[in-house]
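Here are the chains, one letter per residue:
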Amino acid sequence: MKKRTFLKSLAGLGLGSFASFESKASAFSLDNLDFDAPDLWDQIRKGYKLKPDYINLENGYYCFLPQETLEKYIEHIREVNYQGSYYMRTVQWDNKAKSAAKLAELVDADPEEIAITRNTTESLDLIIAGFPWNRGDEAIMSNQDYGSMLTMFELAHRRHGVHLKKIDIPMHPQSDEEIVSVYEQAITSKTRLIMVPHIVNITGHILPVRKICDMAHSYGVEVMVDGAHAVGHFTFSMKDLDCDYYGSSLHKWLSVPLGAGLLFVKKGKAEKIRPLLAPYQLDRPGILNLNHTGTHPVATDLAVINAIEFQEKIGGKRKEDRLRYVQRYWSDQVRGLKNIDLNTPIEPHRSCAIANVGISTMKPAELAKRLMDDYQIYTVAIDGSGVRGCRITPNIYTSTEELDKFVEALKEMSGNA
């Protein structure tokens, strides 16, 4: 095939003429790895550019991109810039639909149930703001839910007179039924919507979402799930969850560039939600009526597929197993030691990469500061909603040697050295 013909074929796919730019991609590629090698995770670590200044145990806010995905993202930026308005007026929407369809495949949903937003907050705000509230309706949420979501419900209270009922999620439950019961006891005849975290962002506690949904639906109550930390973290099926609405941030565990989130709306429910921002055409059928954001960074939409491909090469279950392993590697070594508080359930199925640890003789802010100043370990302090400690979020590239240093630091500061 002649070069000109080749470039035209790429443009026809909406991919543009990447050949017009020299690739700066790293020599590292997952395609070259032996996934049965005993040093697999050491090899994968080489695919990340890591700052040597500190050990990063704060991947929960934003998981930076592996170099393989980053280089493809940069290519997308160059190509969109090269095509300019031509790209924006011809293929941007088709390509966004392809990325949404790939996301739907990842979470086992139908493509028409998935929209790409900018983050979890936006996804769930669209539902809270657009829900058909009547004055006196009730919504249930937990004190451990993400702060921005709680304030959005407060806004719904001010605007629509929605009554807010907050429950406390048991930190160390004896059973799933104990958690379900806490939500059930808050339901009344006026309850319209329950917000449930798929995984509690400050403790890493994974909740029995399907059981909560089944219970709520038996009362005629809908369920909105905050899955900010779930997509790309552990495997699940949206069909199995059977929730009504779901939001997630793709810049976290899926390692998509900043500016991409997921909104799921169960088939048949999008029409009842009022759009927060007017789309080009009002009353479009389905979920696309809800997430109009105007001109946005379309290169990020394209990189969604690259991030999913990176994860698929590793394997979703293999990644989940690795993330759970690195969390248990350090937490099992300090659980039960004097002055150390693990704020994450002990059962393996109730957590994955995220855990929270505190030292009883220290405020969380002091613990985070000392970890960084004295041991060059970066974390984030959590002090509220009954949780006092530092959230610890390693990633697949985190080494056991780094975690050994963290364990040693905890033991020294707690008097267990």
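Computed from a predicted model, the values in this text were never measured in an experiment.

**A few points about the pattern of salt bridges**
Move 1: Applying the stated criterion to the full structure yields 28 salt bridges.
Move 2: In this structure, the salt-bridge partner of D110 is K267, at a minimum N-O distance of 2.7 Å. Within this pair, whereas D110 is found in the loop between α5 (92–107) and β2 (114–117), its partner K267 is found in the loop between β8 (261–265) and α11 (298–314), the two being separated by 157 residues in sequence.
Move 3: Counted as one network, the salt bridges with shared partners bring together E222, D242, D244, K266, K269 and K272.

**Quick notes on the sheet that holds strand β10 (residues 355–359)**
Move 1: Spatial strand order, β9-β10-β13-β12: four strands in an open sheet with antiparallel pairing. Each edge of the sheet is formed by a strand with only one pairing partner; in this case those strands are β9 (340–342) and β12 (380–384). When the angles between neighbouring strand axes are averaged without regard to direction, this sheet yields 35 degrees.
Move 2: By the bridge criterion, five bridges tie β12 to strand β13 (residues 387–392) in an arrangement that is antiparallel. Each residue of the ladder has a partner; that of G384, found in β13, is V387.
Move 3: In the packing of helix α12 (residues 316–334) onto the sheet, the strands contacted are β9, β10 and β13, and the crossing angle to β9 comes to about 135 degrees.
Move 4: In this fold helix α14 (residues 400–414) packs onto β9, β10 and β13, with an angle of close to 30 degrees to the strand it touches most, β10.

**Concerning the side chain of S248**
Move 1: Take S248: it is sitting in strand β7 (residues 245–249).
Move 2: On the basis of relative accessible area, S248 is assigned to the buried category, the value being 0%.
Move 3: Engagement of the side chain of S248 in a polar contact is seen with the backbone oxygen of G227, the distance being 2.7 Å.
Move 4: In this structure S248 touches N119, T120, G227, A228, A230, V231, G261 and L262, once residues within four positions along its chain are discounted.

**Thoughts on the sheet that holds strand β5 (residues 191–197)**
Move 1: An order of β2-β8-β7-β6-β5-β3-β4 is seen for the seven strands of this open sheet, with the pairing classed as mixed. The sheet is open, and its two edges are formed by β2 and β4 (163–167), each paired on a single side. Each neighbouring strand pair of the sheet contributes to a mean axis angle of 20 degrees, computed without reference to strand direction.
Move 2: Here three bridges tie strand β3 (residues 138–142) to β5, and the two strands are oriented parallel to one another. Paired with A139 across the strands is L193, a residue of β5.
Move 3: Running over the sheet, α5 touches β2 and β8 and is turned about 115 degrees from β2.
Move 4: Strand contacts of helix α9 (residues 209–218): β5 and β6 (222–226), with the helix running at about 155 degrees to β6, the strand carrying the most contacts.

**Notes on the packing of aromatic side chains**
Where two aromatic rings form a pair, the distance of their centres and the angle of their planes describe that pair.
Move 1: According to the stated counting rule, one finds nine aromatic pairs in the structure shown.
Move 2: Summarising the aromatic geometry, the rings of Y54 and Y378 are spaced 5.8 Å apart at their centres and angled 55 degrees between planes, so their arrangement reads as tilted. Separated by 324 residues along the polypeptide, Y54 in the loop between α2 (40–45) and β1 (55–56) and Y378 in strand β11 (residues 377–378) bring together distant segments of the chain.
Move 3: Assessed through its relative accessible area of 37%, Y378 is described here as partly exposed.
Move 4: One aromatic cluster is present, formed by Y48, F64 and Y397 through successive ring pairs.

**Brief notes about the confidence of the model for the protein**
Move 1: Of the residues in the protein, 94% reach a pLDDT of 70 or more, and the chain-wide mean stands at 93.
Move 2: A low-confidence stretch, residues 1–13 stays under pLDDT 50, and its non-local contacts, those more than four residues away or across chains, total 11 contacts.
Move 3: Long-range and interchain partners of residues 15–25, a stretch whose pLDDT sits below 50, account for 27 contacts in this model, where long-range means more than four residues apart.

**Looking at empty space enclosed by the protein**
Move 1: Enumeration according to the criterion identifies three cavities of 30 Å³ or more in this entry.
Move 2: Lining the largest cavity are 13 residues, with Y48, L254, S255, F310 and K319 sitting closest to its centre.
Move 3: Tallying contributions element by element places α11 first for the lining of the largest cavity, with four residues.
Move 4: When grouped by side-chain class, the residues that make up the lining of the largest cavity number eight nonpolar, four polar and one charged.

**As for the environment of A353**
Move 1: By the secondary structure assignment, A353 is in the loop between β9 and β10.
Move 2: In this structure A353 touches H233, W253, L323, Q327, I392, T393 and P394, once residues within four positions along its chain are discounted.

**Side note on helix α8 (residues 176–184)**
Move 1: For α8, the complete set of buried residues consists of D176, I179, V180 and Y183. The arc that holds every buried residue of α8, seen down its axis, measures 95 degrees, which confines them to one face.
Move 2: The inward-facing, buried residues of α8 contact β3, β4, β5 and α9.

Procedures and definitions
- Residues numbered from 1 in each chain as written.
- Predicted model: local features only at pLDDT ≥ 70, side-chain atom pairs only at ≥ 80, totals over all residues.
- Heavy atoms only, no water.
- Salt bridge = Lys/Arg side-chain N within 4 Å of Asp/Glu carboxyl O.
- Helix = DSSP H or I, 4+ residues; strand = E, 2+ residues; numbered from the N terminus.
- Pairing = 2+ DSSP bridges.
- Axes fitted to C-alpha atoms, helices over the stretch in contact; angles between N-to-C directions.
- Contact = heavy atoms within 4.5 Å.
- Buried < 20%, exposed > 50% of the residue type's maximum accessible area, 1.4 Å probe, protein only.
- Polar contact = N/O pair within 3.5 Å; in protein donor to acceptor, adjacent residues only side chain to side chain.
- Phe/Tyr/Trp six-rings, centres within 6.5 Å; stacked < 30°, edge-to-face > 60°.
- pLDDT = per-residue confidence, 0-100.
- 1 Å grid on protein atoms, 1.4 Å probe; cavity = no way out; pocket = protein on both sides within 12 Å on 5 of 7 lines; lining within 4 Å.
- Points joined across faces, edges and corners; volume = space filled by probe spheres on them.
- Nonpolar A, V, L, I, M, F, W, Y, C, P; charged D, E, K, R; others polar.
- Arc of directions from axis to C-beta.

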